[in-house]
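Fold and geometry: a report
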Amino acid sequence: MKCKVCNSTKIVEVVNLGKQPLANKYPKNNTEILNEKKFILKILFCKNCRAGQIKKIINRNILFEDYYYLSSVNKKLKEHFERLAIKIKKYNFVVDIGSNDGILLKPLKKLNVKSIGIDPSVNVGKIANDRGLETYIGFFDKNIIKKILKKNNKPDLIVASSVVTHLENPIKFAKDIKSFLEKDGTLIIEIEYLQNFLKNLEFERFYFDRPFYYSANSIKELFRNVGMKLYDIEKIEPHGGSLRCFIKNSLNTKISNRCKKILNNEKQNLNLNAFKKFNKQIYKNSKILKAQLNYFNKKGYNIIGYGAPARVSTITNVAKIDSSLIKYIIDDSPLKQNRFSPGMNIKILPRKNNINKNIDVVIVFAYEYFKDIKKFFTKIKVQFFKPIPFGKL
Ligand SMILES: [Zn+2]
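Thresholds, definitions, all that
- Residues numbered from 1 in each chain as written.
- Predicted model: local features only at pLDDT ≥ 70, side-chain atom pairs only at ≥ 80, totals over all residues.
- Helix = DSSP H or I, 4+ residues; strand = E, 2+ residues; numbered from the N terminus.
- Rg over C-alpha atoms; globule rule 2.2 N^0.38 Å.
- Buried ≥ 20, exposed ≤ 12 C-beta atoms within 10 Å, placed from the backbone.
- Pairing = 2+ DSSP bridges.
- Core = buried A, V, L, I, M, F, W, Y, C linked by C-beta atoms within 7 Å.
- Contact = placed C-beta atoms within 7 Å.
- Axes fitted to C-alpha atoms, helices over the stretch in contact; angles between N-to-C directions.
- Parallel < 35°, antiparallel > 145°, perpendicular 65-115°, else oblique.
- Nonpolar A, V, L, I, M, F, W, Y, C, P; charged D, E, K, R; others polar.
- Domains from an automatic or database assignment.
- Arc of directions from axis to C-beta.

Within the protein chain one finds 13 helices and 17 strands. The C-alpha atoms of the protein chain give 21 Å as radius of gyration, which agrees with the globular expectation for 393 residues (21 Å, within 12%). With respect to the three principal axes, the spread of C-alpha positions in the protein chain is 65 × 50 × 40 Å. Across the 393 residues of the protein chain, 44% fall into the buried class.

A separate point is the sheet that holds strand β13 (residues 328-330). Ordered by their spatial adjacency, six strands build an open sheet running β14-β13-β12-β15-β16-β17, and the pairing between neighbours is mixed. Here the strands that pair on one side only, and so sit at the sheet edges, are β14 (347-349) and β17 (391-392). Note that β13 and β14 share three bridges and pair parallel. Across the sheet, Ile330 pairs through a bridge with Leu349, a residue of β14.

What follows is about the pairing of strand β7 (residues 157-161). With five of five residues buried, β7 is to be regarded as a mostly interior element. Of the two faces of β7, the one carrying Leu157, Val159 and Ser161 and the one carrying Ile158 and Ala160 are both buried. The pairing of strand β4 (residues 93-97) with β7 spans four bridges and is classified as parallel. Paired with Val95 across the two strands is Ile158, which belongs to β7. Bridge count for β7 against strand β8 (residues 186-192) is five bridges, and the pairing is parallel. Bridging from a neighbouring strand, Ile158 pairs with Leu187 of β8.

Our focus in this paragraph is unusual backbone geometry. Geometrically, the link from Ile388 to Pro389 is a cis peptide bond, its omega value of -20° lying close to zero. Inspection of the secondary structure assignment puts Pro389 in the loop between β16 (383-386) and β17. Residue Asn100 is not a glycine yet carries a positive backbone phi of 50°. Take Asn100: it is sitting in the loop between β4 and α4 (105-110).

In this section: the nonpolar core. Side chains that are nonpolar tend, in soluble globular proteins, to be buried together. Core analysis: the biggest nonpolar cluster contains 106 residues, and Ile158, Val164, Ile189, Ile219, Cys245 and Ile329 have the highest contact counts within it. Broken down by element, the residue count for this core peaks at five residues, all from helix α12 (residues 310-319). Not counting chain neighbours up to four residues away, the residues in contact with Ile219 comprise Ile189, Ile191, Tyr214, Leu230 and Cys245.

Moving on, we get to the packing of helix α9 (residues 216-224) against helix α10 (residues 257-269). Helix-helix packing: each pair is described by the crossing angle between the helix axes and the interaxial distance. Viewed as axis vectors pointing N to C, α9 and α10 meet at an angle of 110°, and their least axial separation amounts to 8 Å. Considered as vectors, α9 and α10 are oriented roughly perpendicular to each other. Residue-level inspection shows Ala216, Asn217 and Lys220 of α9 in contact with α10, the latter providing Ile262, Leu263 and Glu266. Looking at the contact of α9 with α10, its residues break down into three nonpolar, one polar and two charged.

Once that is clear, we can look at the domain arrangement of the protein chain. Looking at the assigned domains, one finds that the protein chain contains domain 1 (64-273) and domain 2 (300-392). Put simply, the middle of domain 1 and the middle of domain 2, counted by C-alpha atoms, are 30 Å apart. Taken together, the contact pairs twelve residues of domain 1 with 14 residues of domain 2. Here the side of domain 1 that touches domain 2 is composed, by residue class, of seven nonpolar, no polar and five charged.

Quick look at helix α7 (residues 170-180) now. All of the buried residues along α7 are Pro170, Phe173, Ala174, Ile177 and Phe180. Seen along its axis, α7 keeps its buried residues to an arc of 135°; they face one direction. Of the surrounding secondary structure, the elements contacted by the buried residues of α7 are α6 (142-151), β7, β8, β9 (212-213) and α9.

All right, on to the sheet that holds β9 then. The strand order across the open sheet formed by four strands is β1-β2-β3-β9, and the pairing between neighbours is antiparallel. Edge strands, defined here as strands with exactly one partner in the open sheet, are β1 (11-21) and β9. With eight bridges joining them, β1 and strand β2 (residues 38-46) adopt antiparallel strand pairing. In the strand pairing of β2, Gln20 is matched with Phe39. Sheet strands in contact with helix α11 (residues 272-298) are β1 and β2, and its direction is about 25° off that of β1.

Time to look at α12. Of all ten residues that make up α12, ten are buried, and the element is covered over most of its length. When we look at burial in α12, the residues that qualify are Ala310, Arg311, Val312, Ser313, Thr314, Ile315, Thr316, Asn317, Val318 and Ala319. Buried-residue contacts for α12 involve β1, α11, β12 (303-306) and β13. Where α12 terminates, the next one or two residues include Lys320, which has phi positive at roughly 60°.

Okay, structure coming up:
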């Protein structure tokens, strides 16, 4: 077996999360629950480029045919992209790969920057187009590049935020970027940072939608192999601490000091030993979560969850938590409401009419947004907890 990021054979299994469903498939009824597919979720680590990757890669058509994640529902993420738009307004033509419902296109349009998006999800891409944010629906590949270049010049900036993690073939992606981007153009890639998964014990960030997990070194290797150069990295907030990587479509660019620092730090801290500790902690902390919920349950407490991001699936399936422990989960996305969480099938409900005096404990799955979530409960007395590592919020 070879690393699909750098082609090295120095690849080792480091994490096993057991049988897991597809984390973004929310069944709507009993028939869909009975038909849920589950696969063993194992993570491999490449000792050469320091990328993580899922052992069994699921066909993307199964994963994305109906997708339920609308970026713009998420206020923090919206602000993140508004700030990014201001930062990149000097560019002439921006292509946003994985543009979702137009979360970056919208502020760019306001700033009069020419921009178009590419997104594979039919229903989400349509929402953007209906809002007047030009979006090509399909995967980023040679066909879509051809279609775009028929009507436009090459972009001088490509943005791909939370995209490379979803790819089936990163090397092909890098080659396509190289040919699509203007000479000396810039690529901005935002990645959830593998090193932070380990640091924050965020095993729930591994799920089948996302076969690849990157470090700065793996991004460097991936693009160096096609003649592009990682020259700067900014640490950014989303998704538990992410990296914004700047890559030039040429090799003669100076690397910034902060970039060098991050690359060197990984060489010391992101290794097999770190994964060994991580794997032990996953099982230890999943047991703690379940034991706590059992304890609350015995005391007669009513437990609900708040937020049904994909991580709900990974956490509840590893810890084996179903609706006997968490009665229901509130989520603000209409696309998830009145469906069930994947695998453990906990009912997902809207906020309206479902926050009441009977609730004693709230497990905050969308803990990044705790400040906002807390406000919905001001009239009742509840206790809030982060699921992993289990702790009071
Ligand atoms: Zn590799």
